[in-house]
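# Reading the structure
In case you want the letters, here they are:
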Amino acid sequence: MNVSGQLVLDTYGRSSGFAIDPIEKKPLNHFLPGSRILSFGTAGCNLGCKFCQNWTISTSRHFDSLASVASPSDIAEAALAHGCTAVAFTYNDPVIFAEYAIDTAAACRERGIRPVAVTAGYVCDPPREEFFAAMDATNIDLKGFTDDFYRKITGGRLATVLETLEHVAATSCHLEITTLVIEGHNDSDTEFATMSRWIVEHLGPDIPHHFSAFHPDHRMRDVPPTSPATLSRARQIAMDGGERFVYTGNVYDPRGQSTFCPACDHLVIERNRYRLGRIDLSIAPDGSGSCAACSTPIPGVFA
Ligand code: SF4
């Protein structure tokens, strides 16, 4: 809202909805696996993705989609009351309600609740630095690896997102990446290989990377859903490129969703979509993890 020439965040303290999810649904596979997370968002977005699966709230410009009034401390207390270890700022992009998210993150940290941002990372400095300093973990979309895709399909630019990824990777905020794969738009072998090379060179081989299936929605209802074979191809190319923890999402693929030790291939965390199976991970008092079979470190935050 523009008031007397100044921009005012008119969604502060107003949510478009709450849900309690498994943390794997954000998706986060290496941050407190098996825990519950309280998710909420507001309305609007700074991108206009043609495939947006939350378009009813991301395209909203008005209070009419903001049902709940919730202060930062209300949200932190609700997370505690419902046995959640974390709060996620999600559904629409939290960088557009940064003041509300940062205040809520502080209220969460005061109570031992971990703040998590699920974002497209389309934000510049200095707000980028302030926003991620408030977060303990984040999942950032890397929606494709060509500027053409970003401009035509999302309305944003690739370079800004890459700058955000490099910034967060250099901080203590736990980072995972999600790529929504849309056949015919961002699924060429070359694009996957180029993306993987950049991730390994600029962020390192240990950032968990999720390749998720698209389903037809919003302004891309004429594009078919992503096949499991395409996601498996993306995963294989990324692993061949040197990424060590690569996952598929939104499809049935227990092997592609489980965590294996990169040294001895031991199954350390078994998953089927958002459900956990066997966990064979040694966890140190500081929350670091290692393979129970060969002691190779498994990056992440565990409890
Ligand atoms: S950044 Fe996310 S919420 Fe915003 S338009 Fe794109 S997909 Fe939708």
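Residues numbered from 1 in each chain as written. Predicted model: local features only at pLDDT ≥ 70, side-chain atom pairs only at ≥ 80, totals over all residues. Heavy atoms only, no water.

As recorded by an unreviewed UniProt entry, the chain carries the name Pyruvate formate lyase activating enzyme and is attributed to Bowdeniella nasicola.

### A closer look at the site of the ligand
If you check the shell around the ligand, you find Cys45, Leu47, Cys49, Cys52, Ser58, Tyr91, Ala120 and Lys143 and nothing else. Spatially, the ligand is embedded in the largest pocket. Looking at the shell around the ligand residue by residue, the class counts come to 6 nonpolar, 1 polar and 1 charged. (Near = heavy atom within 4 Å. 1 Å grid on protein atoms, 1.4 Å probe; cavity = no way out; pocket = protein on both sides within 12 Å on 5 of 7 lines; lining within 4 Å. Sits in = over half its atoms within 2 Å of the grid points. Nonpolar A, V, L, I, M, F, W, Y, C, P; charged D, E, K, R; others polar.)

### Topic: a negative patch on the surface
Among the surface-exposed residues, Glu99, Asp103, Glu129 and Glu130 lie close enough to one another that they form a single negatively charged patch. Among the elements of the structure, α3 (98-110) and α4 (127-133) are those that each provide at least two residues to the negative patch. (Patch = residues over 30% accessible without salt bridge, like charges linked within 9 Å, V, L, I, M, F, W, Y side chains within 5 Å. Areas by Shrake-Rupley, 256 points an atom, 1.4 Å probe, with all protein chains shown as cover. Salt bridge = Lys/Arg side-chain N within 4 Å of Asp/Glu carboxyl O. Lys, Arg positive; Asp, Glu negative; His and termini not counted. Charge placed at Lys NZ, Arg CZ, Asp CG, Glu CD. Helix = DSSP H or I, 4+ residues; strand = E, 2+ residues; numbered from the N terminus.)

### Comments concerning the sheet that holds strand β13 (residues 259-260)
Read across the open sheet, the 3 strands follow the order β13-β14-β15; overall the sheet is antiparallel. The sheet terminates laterally at β13 and β15 (275-279), the two strands that pair on one side only. Judged from the 3 bridges that link them, strand β14 (residues 267-272) and β15 form a sheet pairing that is antiparallel. Bridged to Ile269 within β15 is Ile279. (Pairing = 2+ DSSP bridges.)

### Things to note about the nonpolar core
Phe51, Val87, Phe131, Met135, Leu142, Leu165 and Phe211 are the most contacted members of the largest nonpolar core, which has 64 residues in total. No other element matches the 7 residues that α3 contributes to this core. Not counting residues within four places of it along the chain, the set of residues in contact with Phe131 comprises Pro94, Val95, Ala98, Ala101, Ile102 and Ala117. Listed in part, the 10 residues of the second largest apolar core include Ile23, Leu28, Ala86 and Val116. (Core = buried A, V, L, I, M, F, W, Y, C linked by side-chain atoms within 4.5 Å. Buried < 20%, exposed > 50% of the residue type's maximum accessible area, 1.4 Å probe, protein only. Contact = heavy atoms within 4.5 Å.)

### Some thoughts on the packing of helix α7 (residues 189-202) against helix α8 (residues 228-240)
Packing of α7 against α8 leaves a shortest axis separation of 9 Å and a crossing angle of 40 degrees. The orientation of α7 with respect to α8, classified from their angle, is oblique. Read as a crossing pair, α7 and α8 show a hand that is right-handed. Only Arg233, Ala234, Ile237 and Ala238 of α8 make contact with α7, whose side of the interface consists of Asp189, Phe192, Ala193 and Ser196. Here the residues of the contact of α7 with α8 sort into 5 nonpolar, 1 polar and 2 charged. (Axes fitted to C-alpha atoms, helices over the stretch in contact; angles between N-to-C directions. Parallel < 35°, antiparallel > 145°, perpendicular 65-115°, else oblique. Left-handed = near helix turned anticlockwise from the far one by under 90°.)

### Some words on the layout of surface pockets
Within this model, the largest pocket holds a volume of roughly 1100 Å³. Every residue lining the largest pocket is counted, 44 residues in all, and those nearest its centre are Lys26, Gln53, Asn54, Val118 and Asp141. If you list the elements that add at least two residues to the lining of the largest pocket, you get β4 (17-22), β8 (114-119), β9 (137-141), β10 (174-181), β11 (209-213) and β12 (246-249). Take the lining of the largest pocket: its biggest share by element is 3 residues, from β11. Its residues placed into classes, the lining of the largest pocket shows 15 nonpolar, 19 polar and 10 charged. (Points joined across faces, edges and corners; volume = space filled by probe spheres on them.)

### Observations concerning the UniProt feature "binding site: [4Fe-4S] cluster" (unreviewed entry) in the chain
UniProt tags Cys45, Cys49 and Cys52 as "binding site: [4Fe-4S] cluster" (unreviewed entry). Lining residues of the largest pocket drawn from the annotated list: Cys45, Cys49 and Cys52. Take Cys45: it is sitting in the loop between β5 (36-41) and α1 (55-58). Overall, the relative accessible area of 22% leaves Cys45 in the partly exposed class. Mapped onto the fold, Cys52 is located in the loop between β5 and α1. (UniProt positions renumbered as here; feature names shortened; annotations may be inferred.)

### Re the environment of Phe145
By the secondary structure assignment, Phe145 is in the loop between β9 and α5 (147-154). Exposure remark for Phe145: the relative accessible area of 13% places this residue in the buried category. Measuring from C-alpha to C-alpha, the distance between Phe145 and Arg278 comes to 35 Å, with 133 residues separating the pair along the chain. Once you skip the residues sitting within four places of it in the chain, Phe145 turns out to touch Leu158, Leu162, Glu191, Thr194, Met195 and Trp198.

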